[in-house]
There are 2 protein chains.
Amino acid sequence: MSTTNSLTVEELGSAAQRDRRKRILDATIALATQGGFDAVQMRAVAEQADVALGTLYRYFPSKIHLLVSALGREFERAETTLRDKPIPGDTASDRVIYVLRKTTRGLQGDPHLTEALTRAFMFADASVQSEIHTVGMLLTRMLTRAMHPEQEHTEVTEDDVAIARVIGDVWLSALVGWVTGRTSATETAAHMEKAVHLLLRD
Amino acid sequence: MSTTNSLTVEELGSAAQRDRRKRILDATIALATQGGFDAVQMRAVAEQADVALGTLYRYFPSKIHLLVSALGREFERAETTLRDKPIPGDTASDRVIYVLRKTTRGLQGDPHLTEALTRAFMFADASVQSEIHTVGMLLTRMLTRAMHPEQEHTEVTEDDVAIARVIGDVWLSALVGWVTGRTSATETAAHMEKAVHLLLRD
DNA sequence: CGCGAAACTGGAACGTGTTCCTATTATGGA
DNA sequence: TCCATAATAGGAACACGTTCCAGTTTCGCG
């Protein structure tokens, strides 16, 4: 059980290894924040993380795995932050839009980082499936929670999940458009909100 | 008026140049059909098109421009094919799904080609804006036409356009999922149809 | 503690996108 | 027809992701 996957935290025995992994992801985020996708160069990551290039590749088998893993960690952080606070808004769409705005604004505050992570996500192939699945689940959970603020797991219908997925798709497309400079932040936000209203209509 | 953009057909004076451009795009499609994104190697394209590498770069400033331009040409072909025939289906969603199915099936018949073109589309940045805009317009037009079969330009409301864009987003995400091996063709189709029903609800 | 295995280092090497340069060829106007 | 200019050919060179290898260090187990 190894080969093409990134080493997860769990399967890293020693504290030194967990620390290496953390240093690598920190370096990735730092470089991505500075200069985006292109600035995340494997040699640079290795150097900044104080790790040999070969070791970097032992932990993350490709630049894409590396970036998607970093994205996952950032997402978890965001979801944790959001988890406890109640979500304001009287209607489902208000709450969903609140979550989207908040998340999007967070991302747009770090344009380079967002560009790097979005690019990686879009370029990932099947070998990054598990990392991507993690991100997808987090997003879906965030959105369905916004639709049904009180009851955690009850009341979430198949339609709700489908709607969350569609919103996730739109969000991704909008993000890609924004990241690649095809749409402005304002347009991005407007388009997303329009989509939410079309889907939840209230 | 030149620099970072691909040379379009219009701004190519001589027939020899138009022919070169065509040979290049043909070679691109051929290689992409065979082996996907990775098989579209600039040296290989140049050789197969019987053109020097420098010339290839004069016509298309990057691999991404090249592939997105090829995508545009294929899309135009598809849209032309669809334009004349009436779209079957009693409801808007039936017709939209028909169009999506038809287009998607066409793409899935050429997995490698689709992979190459989708990857390029996702990776494109602002410098490919015009090429991408072309594709977006074609898709939106195809979808709004499916929603309103008779009247061409009348009756298309802002909501219709917004819905078409959302469907386009979902379509793109689904395509990316399929192309990258994250979802099967069946799942892809099911998800798209679910989205259409959620949006058009009939 | 001592040993074998696994992990890590440092760096060379390869493939492919991209750039650049020089020599040659096509083009269009006087 | 002839010339200036642009376009093309051919290929070297560079950058960065990725692979690979030889030597060294760390780790876990008896």
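Each value, and the rule that gives it
- Residues numbered from 1 in each chain as written.
- Chains lettered and ligands numbered in written order.
- Predicted model: local features only at pLDDT ≥ 70, side-chain atom pairs only at ≥ 80, totals over all residues.
- Heavy atoms only, no water.
- Near = heavy atom within 4 Å.
- Polar contact = N/O pair within 3.5 Å; in protein donor to acceptor, adjacent residues only side chain to side chain.
- Helix = DSSP H or I, 4+ residues; strand = E, 2+ residues; numbered from the N terminus.
- Nonpolar A, V, L, I, M, F, W, Y, C, P; charged D, E, K, R; others polar.
- Contact = heavy atoms within 4.5 Å.
- Buried area = accessible area lost by both parts, 1.4 Å probe.
- Salt bridge = Lys/Arg side-chain N within 4 Å of Asp/Glu carboxyl O.
- Axes fitted to C-alpha atoms, helices over the stretch in contact; angles between N-to-C directions.
- Parallel < 35°, antiparallel > 145°, perpendicular 65-115°, else oblique.
- 1 Å grid on protein atoms, 1.4 Å probe; cavity = no way out; pocket = protein on both sides within 12 Å on 5 of 7 lines; lining within 4 Å.
- Points joined across faces, edges and corners; volume = space filled by probe spheres on them.

Caption draft 1: Representation of the protein's contact with DNA strand D in the model. Surrounding DNA strand D, one finds 17 residues, the nearest of these being A:Arg43, B:Arg20, B:Ala52, B:Thr55 and B:Tyr59. Sugar plus phosphate, as a fraction of atoms of DNA strand D within 4 Å of the protein: 69%. In the environment of DNA strand D, a phosphate oxygen lies 2.8 Å from a nitrogen or oxygen atom belonging to the side chain of B:Arg20. At the level of elements, helix H2 (42–48) and helix H3 (53–59) of chain A together with helix H1 (15–35) and helix H3 (53–59) of chain B are the ones that each hand at least two residues to the surface near DNA strand D. The dominant element in the surface near DNA strand D, judged by the number of residues it contributes, is H3(B), at three residues. Of the residues in the surface near DNA strand D, the class split is seven nonpolar, four polar and six charged.

Caption draft 2: Broad picture of the interface of chain A and chain B. At the interface, 29 residues of chain A touch 29 residues of chain B. When chain A packs against chain B, close to 2800 Å² is buried across both sides, 61% of that on carbon and sulfur atoms. Looking only at chain A, the three residues that lose the most surface to chain B are A:Phe123, A:Arg182 and A:Leu198, adding up to 23% of its buried area. At the boundary of chain A with chain B, the tally comes to two salt bridges. Here B:Asp159 ties to A:Lys194 by a salt bridge, and the two come within 2.6 Å at their closest N and O atoms. Where chain A packs against chain B, one counts ten residue pairs in polar contact (both at pLDDT 80 or more).

Caption draft 3: Region of interest: the protein's contact with DNA strand C. For DNA strand C, the set of nearby residues contains 17 residues, the closest of which are A:Arg20, A:Ala52, A:Thr55, A:Tyr59 and B:Arg43. Note that a phosphate oxygen of DNA strand C is positioned 2.7 Å from one of the side-chain N or O atoms of A:Tyr59. A distance of 2.9 Å is found between a phosphate oxygen of DNA strand C and a backbone nitrogen or oxygen belonging to B:Lys63. Taken together, the elements giving at least two residues each to the surface near DNA strand C come down to helix H1 (15–39) and H3 of chain A together with helix H2 (42–48) and H3 of chain B. It is H3(A) that provides the largest number of residues to the surface near DNA strand C, a total of three residues. Looking at the surface near DNA strand C residue by residue, the classes come out as seven nonpolar, four polar and six charged.

Caption draft 4: Structural detail: the packing of helix H9 (residues 185–200) of chain A against helix H8 (residues 158–179) of chain B. Between H9(A) and H8(B), whose axes approach to 10 Å, the crossing angle comes to 100 degrees. Accordingly, the angle class assigned to the pair H9(A) and H8(B) is roughly perpendicular. Between H9(A), through A:His191, A:Lys194, A:Ala195 and A:Leu198, and H8(B), the contact on the second element is made entirely by B:Asp159, B:Ala162, B:Ile163, B:Arg165, B:Val166 and B:Asp169. Of the residues contributing to the contact of H9(A) with H8(B), the split by class is five nonpolar, one polar and four charged.

Caption draft 5: Representation of the layout of surface pockets within the structure. If you add up the space inside the largest pocket, you get close to 1200 Å³. Along the wall of the largest pocket there are 45 residues; nearest its centre are B:Gly136, B:Met137, B:Thr140, B:Arg165 and B:Asp169. Of all the secondary structure elements, the ones that give two or more residues to the lining of the largest pocket are helix H8 (158–179) and H9 of chain A together with helix H4 (63–84), helix H6 (111–123), helix H7 (129–147) and H8 of chain B. Class assignment of the residues belonging to the lining of the largest pocket gives a composition of 19 nonpolar, 16 polar and ten charged. There is about 880 Å³ of room inside the second largest pocket. Forming the boundary of the second largest pocket are 34 residues, of which A:Phe121, A:Ile132, A:Gly136, A:Arg165 and A:Asp169 lie nearest the centre. Looking at the lining of the second largest pocket, the elements that each hand over two or more residues are helix H4 (63–84), helix H6 (111–123), helix H7 (129–147) and H8 of chain A together with H8 and helix H9 (185–200) of chain B. Class assignment for the residues of the lining of the second largest pocket results in 18 nonpolar, twelve polar and four charged.

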